[in-house]
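# Remarks on the overall topology
The lines below spell out each chain.
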Amino acid sequence: DIDFVEFDILLSDLERNGRDITIKLNSDGGCLFTAFAIAGRIVSSPSTIIIEAYGTISSAAVLVLAVGDIRRSSKFTPFMHHAASTSIGGNMSMIENTFRSLQVDEARRYAGLAEYTLKGVDWWREKSNPDYYFNAQEALDIGLIDEIF
């Protein structure tokens, strides 16, 4: 696992070379906010970012993969997309506020996936419940990746 600060430091060092940067991604997902930060940093990079998918690409990692300039996947890579989850505690007001915030963040994630793939917001929303498992060929067909190796 890598946090945003570590990712930014590594990417900044690599950008100084002025060459393409290849990220080898294998992730079960994680924090949606971290995924937004990493995806935003990839999009803002002056370098060409190549993301190669290995192992598994699940949950928040799907968005990170989607924003690469060139997206490749091993033919053995499984993918999983689902609705965001959270543990909500506290009083009723806190629970309502957390739920509303989660709805906004989900809409932002679906919009990002729609922008970088061949499928729209509604398609990504519909595929989030229940969990959507798919393979590299399906990822290619929906425009999540550009090639399979």
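Now for a look at the structure at hand. (Residues numbered from 1 in each chain as written. Predicted model: local features only at pLDDT ≥ 70, side-chain atom pairs only at ≥ 80, totals over all residues. Heavy atoms only, no water.)

### As for the pattern of salt bridges
A full pass over the atoms with the stated rule returns 10 salt bridges. Across the salt bridge formed by Arg16 and Asp13, the nearest N and O atoms sit 2.5 Å from each other. In this structure Arg16 comes out as exposed when scored by relative accessible area, which is 63%. Here Lys24 and Glu52 are joined by a salt bridge, their closest N and O atoms 3.0 Å apart. Linking Lys24 in strand E1 (residues 21-27) with Glu52 in strand E2 (residues 49-58), this pair joins segments that are 28 residues apart in sequence. For Lys24, a relative accessible area of 58% translates into the label exposed. Among the charged side chains, a network of salt bridges with common partners joins Lys24, Glu52, Arg72 and Glu147. (Salt bridge = Lys/Arg side-chain N within 4 Å of Asp/Glu carboxyl O. Buried < 20%, exposed > 50% of the residue type's maximum accessible area, 1.4 Å probe, protein only. Helix = DSSP H or I, 4+ residues; strand = E, 2+ residues; numbered from the N terminus.)

### Considerations on the pairing of E1
The alternating pattern of E1 places Ile21, Ile23, Leu25 and Ser27 on a buried face, while none of Thr22, Lys24 and Asn26, on the opposite face, is buried. Here E1 runs beside E2; their pairing, made up of six bridges, is parallel. Residue pairing across strands places Thr22 opposite Ile50, the latter belonging to E2. Where the polypeptide runs from E1 across helix H2 (residues 32-44) and back to E2, its parallel neighbour, the crossover connection is right-handed. (Pairing = 2+ DSSP bridges. Right-handed = clockwise from strand over helix to strand, strands pointing away.)

### Brief notes about the packing of aromatic side chains
Considering all chains together, one arrives at five aromatic pairs under this definition. On the numbers, 5.4 Å between centres and 55 degrees between planes, the contact of Tyr54 with Phe149 is tilted. You can see Tyr54 sitting in strand E2 and its partner Phe149 sitting in the segment after strand E6 (147-148), a full 95 residues away along the chain. The class for Tyr54 is partly exposed, based on a relative accessible area of 30%. Under the relative-accessibility criterion, Phe149 is labelled partly exposed at 39%. Chaining the aromatic ring pairs together yields one cluster made of Phe79, Trp123, Trp124, Tyr132 and Phe134. Over the ring of Phe36 we find Arg108; its NZ or CZ atom is 3.7 Å from the centre of that ring. Positioned over the ring face of Tyr132 is Lys127, at 4.7 Å from the centre of the ring. (Phe/Tyr/Trp six-rings, centres within 6.5 Å; stacked < 30°, edge-to-face > 60°. Lys NZ or Arg CZ within 6 Å of the ring centre and 35° of its normal.)

### Side note on the environment of Ala84
Here Ala84 is to be found in the loop between strand E4 (79-81) and helix H4 (92-116). Considering only alpha carbons, one finds Ala84 and Ser128, 44 residues apart in sequence, at a separation of 8.5 Å. Excluding residues within four positions of it along the chain, Ala84 makes contact with Leu32, Leu102, Glu106 and Arg109. (Contact = heavy atoms within 4.5 Å.)

### A word on the side chain of Ser47
Mapped onto the fold, Ser47 is located in the loop between H2 and E2. Sequence-distant contacts of Ser47, defined by excluding residues within four places in its chain, comprise Glu15, Arg19, Ile21 and Asp69.

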